[in-house]
Amino acid sequence: MAPSYFLAPIVDSSSTFKDDIFKGKVLFCTGGGSGICKGMTEAIMRHGADAVIVGRKADRLAASAKELSEKTGKTCIPAQADVRDPKSLKDAVQKTIERFGKIDFVICGAAGNFMAPISGLSENAFRTVIEIDTLGTYNTIKATIPHVRKSKGAYICVSATLHYRGTPYQAHVSAAKAGVDAISNALATEEGPWGVRSNVIAPGFTSGTEGMRVMSGNKSNTADGFSNPLGRFTEIPDLANAAVFLFSPAACYITGQVLPVDGGGEHLRGDFFPYPQSVLDPSSIQKLLKGKL
Ligand SMILES: NC(=O)c1ccc[n+]([C@@H]2O[C@H](COP(=O)([O-])OP(=O)(O)OC[C@H]3O[C@@H](n4cnc5c(N)ncnc54)[C@H](OP(=O)(O)O)[C@@H]3O)[C@@H](O)[C@H]2O)c1
């Protein structure tokens, strides 16, 4: 009988990193009012940082800031801004400086997504996603960089893996995220000599998020027909752990990198034989293999 399919555990960053690695640090996070970026913010606060979360919906931001403060014992404040509007981002940065006096870490995570074919996508819809994801990332970096230089801090841009291949109905997001990766790489080389690092986290399909709802109609973690090397969809703690590591001193020599957090799914070309059955039980495809098992 073939061994059962391994499922990667879901672990919390506090099982690996000390509680106080971010003591005295300040995080500025666009998209921090919900989903993945809220989870990253919570993890970074649990290790001692205060935070400012940025988004357009004031009510949701305020509720999330309160929840994050209560859960972590640190301070999180909301700053309403649209990342497409440099002026509103500058105001959010100003609010951060007035409250905390500095910015050490920035997560550029605000994004929009929907499914649409190129043939049916309007120019406006395409432009909107580029404006939120790509221009929004640029605007966020531009508004924060004097402060991040001062603190010799670090950036994480939240991208995707969609653009590594041709993902149908995602031309707009793929183009936008390719731009995000490029901005982060350039930022790493321009700002490295000032002591600033920049890396990208590229989530796989992440359970319980808006992105997952849009792309798959909320598949569960054990969805039929889903397979990847580590056996499950991405979970928010997987991404939060990556963010904690990349901001931590342990990553002080890592910059200009793109880190897919997708259980190895991006590398899988399993269309020719059943996966993972064929690697758990090679005898099931004996006829295709040379050599002894
Ligand atoms: N979920 C996935 O499976 C997946 C996979 C790959 C990559 N990602 C990436 O991960 C990040 C988080 O995604 P998520 O699924 O967690 O989605 P989400 O909960 O919808 O997060 C997106 C956030 O961006 C904010 N936002 C959108 N437009 C904005 C604007 N113009 N100005 C300021 N804030 C804006 C939203 O807040 P407001 O609406 O209040 O503005 C929201 O908090 C995104 O960068 C996404 O592309 C997700």
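Conventions adopted
Residues numbered from 1 in each chain as written. Predicted model: local features only at pLDDT ≥ 70, side-chain atom pairs only at ≥ 80, totals over all residues. Axes fitted to C-alpha atoms, helices over the stretch in contact; angles between N-to-C directions. Helix = DSSP H or I, 4+ residues; strand = E, 2+ residues; numbered from the N terminus. Left-handed = near helix turned anticlockwise from the far one by under 90°. Contact = placed C-beta atoms within 7 Å. Near = placed C-beta within 6 Å. Nonpolar A, V, L, I, M, F, W, Y, C, P; charged D, E, K, R; others polar. Expected span 1.5 Å × (residues − 1). Buried ≥ 20, exposed ≤ 12 C-beta atoms within 10 Å, placed from the backbone. Pairing = 2+ DSSP bridges. Parallel < 35°, antiparallel > 145°, perpendicular 65-115°, else oblique.

Trainee: Before we move on, can you summarise the packing of helix H1 (residues 35–46) against helix H2 (residues 58–72) with the specific residues and values?
Mentor: With their axes 9 Å apart at the nearest point, H1 and H2 run at an angle of 35° to one another. The hand of the H1/H2 crossing is right-handed. Residues Lys38, Thr41, Glu42, Met45 and Arg46 of H1 lie in contact with H2, whose contacting residues are Ser64, Leu68, Lys71 and Thr72.

Trainee: Describe in detail the site of the ligand, supporting the description with residues and values.
Mentor: Every one of the 30 residues lining the ligand counts as a neighbour, but Gly35, Gly55, Arg56, Ala111 and Gly211 are closest to it. At the level of secondary structure, the elements contributing two or more residues to the shell around the ligand comprise H1, strand S2 (50–55) and helix H6 (210–216). Grouping the amino acids of the shell around the ligand by side-chain chemistry returns twelve nonpolar, twelve polar and six charged.

Trainee: Pulling in residues and values, what's your account of H1?
Mentor: A rise of 1.5 Å per residue sets the reference length of H1, with its twelve residues, at 16 Å; its end C-alpha atoms lie 17 Å apart and thus fit the reference within 8%. Among the twelve residues of H1, twelve are classified as buried, and the element is accordingly described as predominantly covered. Taken together, the buried positions of H1 are Gly35, Ile36, Cys37, Lys38, Gly39, Met40, Thr41, Glu42, Ala43, Ile44, Met45 and Arg46.

Trainee: For the sheet that holds strand S3 (residues 76–80), give the residues involved together with the corresponding values.
Mentor: Strand order across the open sheet formed by seven strands is S3-S2-S1-S4-S5-S6-S7, with parallel pairing between neighbours. Pairing within the sheet leaves two strands with one partner each, and these edge strands are S3 and strand S7 (258–261). Shown here is a sheet whose adjacent strand axes are inclined to one another by a mean of 20°, direction ignored. As judged from the five bridges shared by strand S5 (residues 154–158) and strand S6 (residues 197–203), these two strands associate in the parallel manner. Residue alanine 154 lies in a different strand from S6, and its bridge partner there is arginine 197.

Trainee: Quick rundown of the pairing of S3? Include the residues and the values.
Mentor: Note on strand geometry: in a regular strand, side chains alternate between the two faces of the sheet. For S2 and S3, the ladder comprises five bridges, and the chain directions are parallel. Considered in S3, the bridge of isoleucine 53 is made with proline 78.

Trainee: Can you break down the packing of H1 against helix H7 (residues 236–247) residue by residue, with the values?
Mentor: Running from amino to carboxyl end, H1 crosses H7 at an angle of 50°, the nearest separation of the two axes being 8 Å. Taken together, H1 and H7 sit at an angle that is classed as oblique. Read as a crossing pair, H1 and H7 show a hand that is right-handed. Here Ile36, Gly39, Met40, Glu42, Ala43 and Ile44 of H1 come into contact with H7, specifically with Ile236, Pro237, Leu239, Ala240, Ala243, Val244 and Phe247.

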